[in-house]
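Residue-level listing of the chains:
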Amino acid sequence: MAKLTEISWEAFESLPLEEKKPYLELPGGDGMPYHTLFAQQFDRANLERLCALANRIRFINKSKEGALYLKNVLSHKRAMLYFSQPSSRTFLSHLAACQILGMTTGSVRDAATSSEFKGESHEDSIRTFSSYFDMIIMRSPERGLAEKMAWELSNSERPIPILNAGSGKDQHPTQALLDIYTLVRSFENKGGLDGRTVTFCGDLMRGRTVRSLSYLLTNFKNVRQIFVAPQELQVPADVVMILAKKGIDFEVSDNLKEATRVSDAVYMTRIQDEWDSAKGDSSKIDTSNFKFGPEELALLGPDAIIMHPLPRRDEISTCCDHDPRAMYWRQMRNGMWIRAALIAATFGFESSIMNCGY
Amino acid sequence: MAKLTEISWEAFESLPLEEKKPYLELPGGDGMPYHTLFAQQFDRANLERLCALANRIRFINKSKEGALYLKNVLSHKRAMLYFSQPSSRTFLSHLAACQILGMTTGSVRDAATSSEFKGESHEDSIRTFSSYFDMIIMRSPERGLAEKMAWELSNSERPIPILNAGSGKDQHPTQALLDIYTLVRSFENKGGLDGRTVTFCGDLMRGRTVRSLSYLLTNFKNVRQIFVAPQELQVPADVVMILAKKGIDFEVSDNLKEATRVSDAVYMTRIQDEWDSAKGDSSKIDTSNFKFGPEELALLGPDAIIMHPLPRRDEISTCCDHDPRAMYWRQMRNGMWIRAALIAATFGFESSIMNCGY
Amino acid sequence: MAKLTEISWEAFESLPLEEKKPYLELPGGDGMPYHTLFAQQFDRANLERLCALANRIRFINKSKEGALYLKNVLSHKRAMLYFSQPSSRTFLSHLAACQILGMTTGSVRDAATSSEFKGESHEDSIRTFSSYFDMIIMRSPERGLAEKMAWELSNSERPIPILNAGSGKDQHPTQALLDIYTLVRSFENKGGLDGRTVTFCGDLMRGRTVRSLSYLLTNFKNVRQIFVAPQELQVPADVVMILAKKGIDFEVSDNLKEATRVSDAVYMTRIQDEWDSAKGDSSKIDTSNFKFGPEELALLGPDAIIMHPLPRRDEISTCCDHDPRAMYWRQMRNGMWIRAALIAATFGFESSIMNCGY
């Protein structure tokens, strides 16, 4: 196995993502991640194991006895949630995942509360947190910080795992995990995910969610991808190039209705106007044809699903909310289960949970 | 039993409060609330049961063994404290109540930290929280939001209880509960609350506390109410009308000293100038005769008590703080006990706690 | 034993620190503190007991069984962390200490979230917190507030301990404790702390850390102290006077290299420009000779250590970070252990932990 202690930061940083993967694995974990930094660390094997573990945890948690068993798994560990870029949703989902496993937690949810105003570097802050906690779950607008800290901590006296809960425009690996888990669950008794058609619609240019999920879907067989967006917000060339290189069947379109008719899953996304270079730029784009409403709902197949990473604005009409095919609320909850699975796996508890008596 | 799943939101919303009550009850709970939204859900029967349960929890918690028993009651549950209107006191009291019962918690204490800046509706935020937690304790400036969410969640795939921890100028039902519990406790070995005289003093127009407590006191027999306030801040007509309709003995006055002399409880309140329509309006009102100081203390009967929902400014002189009749600190702590009782009851643990061996 | 209930606030406040000490002790605790307010409460005897207890807790926590034993010690208690002056580091360290012992916690980390905007006094806020919690850990810019609250609470119906986590420019007793613990640990298998030379460098005028640690070192035998700083930031006269009066060997210098050569510990500190009377005052001082870099590292003895209370700016070059003599990261972690020891001792669990079977 490759080790972060045996490579310099400069050498590690310059590796392509696929080659970084082995350096981030749990020793003896058979491909499970120790540091979770980017979606490219996941392949079909560890994805399926994580989905199975999430299913197991979800099942065990149904009874009070089971819930108490799970709360004992990591009751001797403490997690730090360091969110210098605030996000209630992602924060609470990770928090709940920790709590299911019995971890106690500390948090910084706001850069302003932190002692950074005294001129401390992010690196020093995170090393400090590593003194008090056994895992760091971090969200930062700073690209590459999670990776740097994973290297730093693995080379310190107190190596502890880093879980990237979103870094800038860049990566948000557990979002991709929960999306895969939602797809896998939705089709698990209906023949599985292989051979399905997934449509992405909305701001495909700036949503890191789309980028990661599109990549992870290439781990499954014959999953066709359709990208529906206004021209200005279409999927970037590098995403398309990866698909082309891998021989994946995909299509670029501006017709949501047509795509809906042929899709097993429609993944709607929000216009990410917080990344506009000039305020209001996005509002000049006509997005009226890229919303999911009653007409689209009528075209959607009976076994197909609607997904959304949330928060939403008006991309999905609230009239869809009570439809059984609306999977976006359950998708949230799936995020909690798959994160609990990932954290348990990080600490080496995959097999003990899979094989416990509950 | 009436069910929220069998009535439309519009029909439910337009019901008078008393008729909403049965829709909010715990199935099989014999009148105990499931969603706690407004003070009008409480009648003498469930008030007395909640006070008894709070007494029991308070007693059990005295020993370490008892405390650990209680911490196991809801250790498999997680509560979300969603405080988009900040309040340390109410937040911490609910938090402590959860912790006594072993619930783990997540929180939003500040609208700014939340993802609402991305344009999400309150309804979506709360449905998200419902994905991760087993109960939502919410405080919001938005009138009716708690009620809407109770209906929404009861009609979702994941129905969980809502506890209203204060909604705008409107309702704050657990404040009313803790006030009743304080009165019940204070007189429990002295003949009870029936037949007592309770004086309210201060900003009776805008304090929702007064409104709720005045209502709940009508559940007891022959409790006389005296309202002492400057004319501009006197008790509103609708409160008085309820009392008149129910045949309750009450009096409107501007003489605190006289009222103190004949009262069993004097309930002081703060000028709520945060609701001033123009900044500084309240400061034009002469409130000098509506403060409880050494002279009033001298007039207070030996078994009578002084209450205040806190925070206070100068309505009660600090020279009263060490007097045994000053009940406002204990009133705080009573809030924690009665909230623990309410939460335990919401999850159906009333009888197991009442009958446990501790 | 002296009792806070038998002395007026005015009389207590006017006592010299040394004479306050007995009033703050744990009844039956043989010199251990109940309220922890200032560094002068510690003498060689209780320092050594606390270091031994911290060592014990650190050892027990290594196994999962041990960690679970510790989590049961104070699982029936709740702590309030009231940080009206924000500090992530100190906050998280105390939080982790509470969590190691199984205490649940509530917090205010920011004066703005609190209900103080409604005009409540600090005293009332803290009495409120005392209603819900069993200990208050507080950090406040207000000098003397912790002391006032200790007196207030000891004279209330609900006496609970206060732990001062930093009060203005004044006191930060647990920082001094962790510094002593780091020194004791670093030399425990090398002949101990007696007879060592400790250099303080940086902003010695305004760092309360230096003031407290300098005082605590006088509890050990023949510890020489060297103060290295630009003239404008040298150690204040009152600190020097205490040393002179006690016959302690000390030196005032502006030569860090020379001091490093002869020191067993070099304690670097940050320029505390947040206390500048005019913004930017500190930037006019030439601090270039008061930084620890590769040259100083080369002069440092093989068993000597580098300390820093963190956060740092550029007083210590990051090139020192991986040197085994750089003790500042471990110093952080020591803070967690010694705080856990202090809290356990405050609740009377010293001997049960020292004698437990783990």
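Parameters at a glance
- Residues numbered from 1 in each chain as written.
- Chains lettered and ligands numbered in written order.
- Predicted model: local features only at pLDDT ≥ 70, side-chain atom pairs only at ≥ 80, totals over all residues.
- Helix = DSSP H or I, 4+ residues; strand = E, 2+ residues; numbered from the N terminus.
- Rg over C-alpha atoms; globule rule 2.2 N^0.38 Å.
- Buried ≥ 20, exposed ≤ 12 C-beta atoms within 10 Å, placed from the backbone.
- Least-squares fit on C-alpha atoms with pLDDT ≥ 70 in both.
- Contact = placed C-beta atoms within 7 Å.
- Nonpolar A, V, L, I, M, F, W, Y, C, P; charged D, E, K, R; others polar.
- Pairing = 2+ DSSP bridges.
- Axes fitted to C-alpha atoms, helices over the stretch in contact; angles between N-to-C directions.
- Parallel < 35°, antiparallel > 145°, perpendicular 65-115°, else oblique.
- Left-handed = near helix turned anticlockwise from the far one by under 90°.
- Right-handed = clockwise from strand over helix to strand, strands pointing away.
- Domains from an automatic or database assignment.
- pLDDT = per-residue confidence, 0-100.
- Expected span 1.5 Å × (residues − 1).

**Student:** I would appreciate a short explanation of the overall build of chain A in the present structure.
**Tutor:** Each helix and strand in chain A was counted, giving 14 helices and nine strands. In terms of C-alpha radius of gyration, chain A reaches 20 Å, essentially the compact-globule figure of 21 Å for 358 residues. Each principal axis of the C-alpha atoms in chain A carries an extent, and together these give about 55 × 50 × 40 Å. Counting every position in chain A, which comprises 358 residues, the buried fraction comes to 53%.

**Student:** Which parts of the structure should I look at to understand the relation of the copies chain B and chain A?
**Tutor:** When chain B is fitted to chain A, the best match, at an RMSD of 0.0 Å, comes from turning it 120° and sliding it 0.0 Å along the axis. Here the copies are linked by what is in effect a three-fold axis. Identified as the residue of chain B closest to the rotation axis by C-alpha distance is B:Thr104, at 5.4 Å.

**Student:** Would you take a moment to explain the interface of chain C and chain A for this structure?
**Tutor:** When the parts of a complex come together, some accessible area is lost, and that lost area is often used as the size of the interface. The partner chain A presents 19 residues to the 23 residues of chain C that form the contact. Every element with two or more residues in the side of chain C that touches chain A is listed here: helix H4 (64-73), helix H5 (88-100) and helix H13 (328-346) of chain C. The element that contributes the greatest number of residues to the side of chain C that touches chain A is H5(C), accounting for seven residues. The class makeup of the residues in the side of chain C that touches chain A is eleven nonpolar, four polar and eight charged.

**Student:** Even after reading the chapter, I still don't get the interface of chain B and chain A, so can you show me in this structure?
**Tutor:** Listed by partner, the interface residues are 19 residues for chain B and 23 residues for chain A. Sorting the residues of the side of chain B that touches chain A by element identifies strand E2 (104-108) and helix H6 (122-132) of chain B as the ones contributing at least two each.

**Student:** What exactly am I supposed to notice about the sheet that holds strand E5 (residues 197-201) of chain B here?
**Tutor:** In any sheet, the strands associate via hydrogen bonds between backbone groups, in a parallel or an antiparallel arrangement. All names here are of chain B. Taken together, five strands build an open sheet; the order of strands is E7-E6-E5-E8-E9 and the sheet is parallel. With partners counted over all chains shown, the strands left at the sheet margins are strand E7 (250-253) and strand E9 (305-307), one partner each. Taken over all neighbouring pairs, the strand axes of this sheet differ in orientation by 15° on average, direction set aside. With four bridges joining them, strand E6 (residues 224-228) and E7 adopt parallel strand pairing. Each bridged residue has a counterpart across the sheet, and for Val228 the counterpart in E7 is Ser253.

**Student:** Is there a simple way to explain the packing of helix H5 (residues 88-100) of chain B against helix H13 (residues 328-346) of chain B in this structure?
**Tutor:** Any two packed helices are characterised by the angle at which their axes cross and by the distance between the axes. All names here are of chain B. Where H5 meets H13, the axes come as close as 8 Å, and the angle between the chain directions of the two elements is 55°. When the axes of H5 and H13 are compared, the pair comes out oblique. The handedness of the crossing between H5 and H13 comes out as right-handed. Along its contact with H5, which presents Ser93, His94, Ala96, Ala97, Cys98 and Ile100, the element H13 presents Gly335, Met336, Arg339, Ala340 and Ile343.

**Student:** Could you clarify how one ought to interpret the pairing of E5(B) in this entry?
**Tutor:** If a strand is regular, its side chains alternate between the two faces of the sheet. Residues and elements named next belong to chain B. Among the five residues in E5, four count as buried, and that is most of the element. Across five bridges, E5 lies against E6 in parallel orientation. In the strand pairing of E6, Phe200 is matched with Phe227. Following the chain from E5 across helix H9 (residues 208-217) to the adjacent parallel E6, one finds a crossover that is right-handed. Both E5 and strand E8 (residues 265-268) contribute to a ladder of four bridges, which runs parallel. In the strand pairing of E8, Thr199 is matched with Val266.

**Student:** Help me understand the domain arrangement of chain A, please; the structure alone is not making it clear to me.
**Tutor:** Residues and elements named next belong to chain A. As far as domains go, chain A holds domain 1 (4-172 + 334-354) and domain 2 (173-331). Centre-to-centre separation of domain 1 and domain 2, based on C-alpha positions: 26 Å. Taken together, the 25 residues of domain 1 in the interface contact 24 residues of domain 2. Sorting the residues of the side of domain 1 that touches domain 2 by element identifies helix H3 (44-60), strand E4 (162-167) and helix H13 (328-346) as the ones contributing at least two each. Residues that form the side of domain 1 that touches domain 2 fall into these classes: eleven nonpolar, eight polar and six charged.

**Student:** Sorry, what's going on with the pairing of strand E8 (residues 265-268) of chain A here?
**Tutor:** Residue and element names in this part refer to chain A. Burial along E8 is two-sided: the face carrying Ala265 and Tyr267 and the face carrying Val266 and Met268 are both buried. Note that E8 and strand E9 (residues 305-307) share three bridges and pair parallel. Along E9, the bridge assignment pairs Tyr267 with Met307. Traced from E8 through helix H12 (residues 294-299) to E9, the parallel crossover comes out right-handed.

**Student:** Sorry if this is basic, but what is going on with the sheet that holds strand E7 (residues 250-253) of chain C here?
**Tutor:** Residue and element names in this part refer to chain C. Overall, parallel pairing links the five strands, which are arranged E7-E6-E5-E8-E9 in an open sheet. Edge positions in the sheet fall to E7 and strand E9 (305-307), since each has one partner strand and no second. For this sheet the average axis-to-axis angle between neighbouring strands, irrespective of direction, equals 15°.

**Student:** In this structure, what is going on with unusual backbone geometry? I would like to understand it.
**Tutor:** Most peptide bonds are trans, and most residues other than glycine sit at a negative phi. With an omega of 0°, the peptide bond between B:Leu310 and B:Pro311 qualifies as cis. Along the chain, B:Pro311 falls in the loop between E9 and H13. Even without being glycine, A:Asp30 reaches a positive phi, approximately 60°. Summarising the element assignment, A:Asp30 is placed in the loop between helix H2 (17-20) and H3. Taking the C-beta count within 10 Å as the criterion, A:Asp30 has 11 such neighbours and is therefore assigned exposed.

**Student:** Would you take a moment to explain the confidence of the model for chain A for this structure?
**Tutor:** Close reading of the predicted structure is inappropriate where its pLDDT is low. When the pLDDT values of chain A are averaged, the result is 93; 97% of them are 70 or greater. Interface scoring of the predicted complex returns ipTM 0.92; its pTM is 0.95.

**Student:** I keep staring at helix H3 (residues 44-60) of chain B and nothing clicks. Help me out?
**Tutor:** An α-helical segment advances 3.6 residues per turn. Residues three or four places apart therefore align on the same side. All names here are of chain B. Over its 17 residues, H3 runs 24 Å from end to end, which matches the ideal 24 Å to within 8%, given 1.5 Å per residue. Three or more residues of H3 are buried, namely Asn46, Leu47, Leu50, Cys51, Leu53, Ala54, Arg56 and Ile57. Residues of H3 that are buried in the fold lie against helix H4 (64-73), H5, helix H8 (173-186), H13 and helix H14 (350-354).

**Student:** Even after reading the chapter, I still don't get the packing of helix H8 (residues 173-187) of chain A against H13(A), so can you show me in this structure?
**Tutor:** All names here are of chain A. Orientation of H8 relative to H13, taken along the N-to-C sense of each, is 110°, at an axis distance of 8 Å. Taken together, H8 and H13 sit at an angle that is classed as roughly perpendicular. Remark: the crossing between H8 and H13 carries right-handed chirality. Of H13, the residues touching H8 (which contributes Thr174, Leu177, Leu178, Tyr181, Thr182 and Arg185) are Arg330, Gln331, Asn334, Gly335, Ile338, Arg339 and Leu342. Here the residues of the contact of H8 with H13 are counted per class, giving five nonpolar, five polar and three charged.

**Student:** Hey, could you run me through the environment of A:Ser107 in this one?
**Tutor:** Take A:Ser107: it is sitting in strand E2 (residues 104-108). Sequence separation between A:Ser107 and A:Leu95 is twelve residues; the distance between their C-alpha atoms is 9.5 Å.

**Student:** Just to check I follow, could you spell out the environment of A:Asn155 for this structure?
**Tutor:** Residue and element names in this part refer to chain A. Summarising the element assignment, Asn155 is placed in the loop between helix H7 (145-154) and E4. Expressed as a C-alpha distance, the spacing of Asn155 and Trp9, which sit 146 residues apart in the sequence, is 9.8 Å. With sequence-adjacent residues up to four places away left out, Asn155 is seen in contact with Leu4 and Thr5.

**Student:** Hey, could you run me through the environment of A:Ser75 in this one?
**Tutor:** Summarising the element assignment, A:Ser75 is placed in the loop between helix H4 (64-73) and strand E1 (78-83). When the C-alpha atoms of A:Ser75 and A:Cys98 are compared, they prove to be 9.5 Å apart, with 23 residues separating the residues in sequence. Excluding residues that lie within four positions of it along the chain, A:Ser75 makes contacts with A:Gly102, C:Leu68 and C:Lys71.

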